[in-house]
Amino acid sequence: MSGPATPRRPRRHDPGRRDRLIDAALTVIAERGVAGTTHREIARAADVPLGSMTYHFTSLDEVLAEAFTRHADSVARVFDERLSAARDRDAAAEAVITLVSDDLLGSRHDLVLTVELYVAAARNPALRVVTQAWMARSRRALERHFDATTARELDALIEGLVLHSALSTDPMTLEQICHAIHRYLR
């Protein structure tokens, strides 16, 4: 004979859980790096049971791809907005300078995520899909004002300026960034 049945806990309706897990993954990556990102750490950061990770994602690689795609999309959106607002080539050059100095170098969190994505994509070819889509979107935004070859080269210059500034103990000043971009676009 069994004892009284314990009442079932009502199921928690949490339609935003998957999104919270992706946001939590970005937080963990920014704090611990990709190497320190685990299912357990993401679940802890999202304040959900560990089983939620395997319910919503097939692997940690899938979580990383989703998280980095979200990051790349948010940065690309700013890129699109800045270059859409530029009315001519000179304004586009100034938009690129602002993008580098304020947007790409302005947030340590976003900068760390960008560097982590580059390193992870260098090791994991599946993540190159994310970086390739991001580069293509950046180039399309630049092509509003520059030819395709210039857009591709300018995109590489932007990435180089960001990485040099992010990793240097003597980062480039705003004046140096302006000089580099204007010099290239002459």
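Let me sum up the structure you'll find in this document. (Residues numbered from 1 in each chain as written. Predicted model: local features only at pLDDT ≥ 70, side-chain atom pairs only at ≥ 80, totals over all residues. Heavy atoms only, no water.)

## Points about the pattern of salt bridges
Here is step 1: The full count for this structure, using the stated rule, is 10 salt bridges.
Here is step 2: With its nearest N and O atoms 2.8 Å apart, the salt bridge here joins R44 to E41. In this pair, R44 and E41 are both assigned in helix α2 (residues 39–46), 3 residues apart and thus about one turn of the helix distant.
Here is step 3: You can call E41 buried: its relative accessible area is 16%.
Here is step 4: Between D80 and R137 there is a salt bridge, with the nearest N and O atoms lying 2.9 Å from each other. (Salt bridge = Lys/Arg side-chain N within 4 Å of Asp/Glu carboxyl O. Helix = DSSP H or I, 4+ residues; strand = E, 2+ residues; numbered from the N terminus. Buried < 20%, exposed > 50% of the residue type's maximum accessible area, 1.4 Å probe, protein only.)

## Description of the nonpolar core
Buried together is how nonpolar side chains tend to be arranged in soluble globular proteins.
Here is step 1: I42, F68, L83, L142, I158 and I181 are the most contacted members of the largest nonpolar core, which totals 54 residues.
Here is step 2: When residues of this core are traced back to their parent elements, those giving at least two are α1 (17–32), α2, α4 (60–85), α5 (89–104), α6 (108–123), α7 (128–142), α8 (148–167) and α9 (174–185).
Here is step 3: Apart from residues lying up to four places away in sequence, I42 is in contact with L21, A24, A25, V28, T37, M53, L60 and V63. (Core = buried A, V, L, I, M, F, W, Y, C linked by side-chain atoms within 4.5 Å. Contact = heavy atoms within 4.5 Å.)

## A look at unusual backbone geometry
Here is step 1: Although it is not a glycine, D47 adopts a positive phi angle of roughly 60°.
Here is step 2: The topology assignment puts D47 in the loop between α2 and α3 (51–56).
Here is step 3: Among the residues examined, D47 registers a relative accessible area of 64% and is labelled exposed.

## A closer look at the environment of E143
Here is step 1: Note that E143 resides in the loop between α7 and α8.
Here is step 2: The partly exposed category is assigned to E143, whose relative accessible area is 38%.
Here is step 3: Distance in space between the C-alpha atoms of E143 and T27 is 32 Å, their sequence separation being 116 residues.
Here is step 4: When neighbours within four sequence positions are excluded, E143 is seen to be in contact with A148 and A151.

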